[in-house]
Amino acid sequence: MSVHDNLTVMDGLCGIGLGLEHLVTDQFIEGDLNELLKEIDDRLFKTVAFEEHSYTLAEMVHLIHYLVKRIKRQSDDENVFIYQELCIRLVNRIQHQWSPILCKEPFAFSLYDYHVPALLFVMDELIELDFYQSRLFHILEEMSHTLFAHLPHSHLNRLYLLWGELPLKDFSKDWEQHCDLLYENIRISTIMQKEIKGRNIYLSNGYSGLYWLLKNIEMRFPDYAFEYEPAQLYTCIDNSEAWKTLMEIPYYYEIHAGLLNGFPGAVLTMLDIKSACK
């Protein structure tokens, strides 16, 4: 492992760490995660604790998610404290960077450009760990003034925001009411017919992302589930012009080779739909 290796979740070592965590947790492989991830964790400690690197908001959100996973794996109180301190440092940086303009939705749905839902998701993860709650509650209160002032224009952005807000709906009556408002103003037909374009089949921007948002909400918050046809989403992915473009333009796969913004994520989505429809 080089000292220059990228540590981010999106395309770096912490993303590999999350992948290993999934493989060990689901028993695809055997191993001691604390030992497997020791070098990554040591590097992360140095960069965060000593502020050796300036991370973007999205990168910090993803790193907190990684650290939450690591905290849940610890049995030693001293190790838990170290990971908690790293989370605290990242939360403080996020609060320092926070601006109402960050609540502004991108013109088109994109996991890369709309960071608030993922931030809300990790805030709930931290609250569940029961530390630093007063600061977390203060940040949520600060965010709510902007979030509750308007609805995203895009129905798919509304759905993504609802996914991020639902874990916090019991935080206060205002959060629950905003979840209800979002839910009542989301039309899956509008997303399918008007918002997602033909080539947008990926997790980051299209039919695959829509499928996993709908499925996750249905599993975790059945009272907020939407009616939809997984088979219809499968057909939209399968019939997309993206596959034809893949065959005709050599570099197209190169720019769509990743899990989030590429064909691997679309294929995994199709396999999951196929399995669920059996």
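Heads up: the structure comes first, above all this text.
> So what exactly am I meant to see when it comes to the overall build of the protein here?
When helices and strands are tallied, the protein shows 15 helices and zero strands. Relative to a compact globule of 278 residues, whose C-alpha radius of gyration would be 19 Å, the protein shows 19 Å and is just as compact. Across its three principal directions, the C-alpha atoms of the protein cover 50 × 45 × 35 Å. Going through the 278 residues of the protein one by one, you find that 46% of them count as buried. About 14800 Å² of surface is accessible on the protein, with carbon and sulfur atoms providing 52% of the total. A distance of 5 Å separates the average location of the 23 positive side-chain charges in the protein from that of its 41 negative side-chain charges.

> Please clarify how the packing of helix H13 (residues 241–248) against helix H15 (residues 263–276) should be interpreted in this entry.
What describes two packed helices is the angle between their axes and the distance between those same axes. It is at 12 Å that the axes of H13 and H15 come closest, and there the two elements cross at 135°. The angle between H13 and H15 falls in the class oblique. Crossing handedness for the pair H13 and H15: left-handed. On H15, the residues touching Ala242, Trp243 and Leu246 of H13 are Phe263, Val267 and Met270.

> Can you walk me through the state of the cysteines in this structure?
Cysteine pairs can be linked by a disulfide, which is a covalent bond between their two sulfur atoms. Tallying each qualifying case throughout the model produces zero disulfides. Of the cysteine sulfurs around Cys14, a residue in no disulfide, the closest is that of Cys87, at 11 Å. Unpaired in this structure, Cys179 has its nearest cysteine sulfur neighbour in Cys103, at a distance of 14 Å. Residue Cys179 is classed as buried on the basis of its relative accessible area, which comes to 0%.

> Help me out: how do you make sense of helix H9 (residues 173–184) in this one?
Note on helix geometry: an α-helix contains 3.6 residues per turn, so any two residues three or four positions apart are oriented the same way. For H9, spanning twelve residues, the distance from its first C-alpha to its last is 16 Å, which sits close to the expected 16 Å at 1.5 Å a residue. Taken together, the buried positions of H9 are occupied by Trp175, His178, Cys179 and Leu182. The buried side chains of H9 occupy one side of the element, clustering within an arc of 105° when seen end-on. Turned more than 90 degrees away from the buried face of H9 sit Lys173 and Glu184, all of them exposed. Residues of H9 that are buried sit in contact with helix H6 (116–128), helix H7 (133–147) and helix H8 (155–165).

> Got a minute to help me understand the pattern of salt bridges in this structure?
Oppositely charged side chains can form a pair if their charged atoms are brought close together. This model, assessed by the stated rule, comprises six salt bridges. A salt bridge links Glu21 to Arg73; the shortest N-O distance between them is 3.9 Å. Placement of the pair is Glu21 in helix H1 (residues 13–25) and Arg73 in the loop between helix H4 (57–72) and helix H5 (77–97), with a sequence separation of 52 residues. Taking the shortest distance from any N to any O, the salt bridge between Lys215 and Asp272 comes out at 2.6 Å. Of this pair, Lys215 sits in helix H11 (residues 207–220) while Asp272 sits in helix H15, and the two are 57 residues apart along the sequence.

How each quantity is defined
- Residues numbered from 1 in each chain as written.
- Predicted model: local features only at pLDDT ≥ 70, side-chain atom pairs only at ≥ 80, totals over all residues.
- Heavy atoms only, no water.
- Helix = DSSP H or I, 4+ residues; strand = E, 2+ residues; numbered from the N terminus.
- Rg over C-alpha atoms; globule rule 2.2 N^0.38 Å.
- Buried < 20%, exposed > 50% of the residue type's maximum accessible area, 1.4 Å probe, protein only.
- Areas by Shrake-Rupley, 256 points an atom, 1.4 Å probe, with all protein chains shown as cover.
- Lys, Arg positive; Asp, Glu negative; His and termini not counted.
- Charge placed at Lys NZ, Arg CZ, Asp CG, Glu CD.
- Axes fitted to C-alpha atoms, helices over the stretch in contact; angles between N-to-C directions.
- Parallel < 35°, antiparallel > 145°, perpendicular 65-115°, else oblique.
- Left-handed = near helix turned anticlockwise from the far one by under 90°.
- Contact = heavy atoms within 4.5 Å.
- Disulfide = S-S within 2.5 Å.
- Expected span 1.5 Å × (residues − 1).
- Arc of directions from axis to C-beta.
- Salt bridge = Lys/Arg side-chain N within 4 Å of Asp/Glu carboxyl O.

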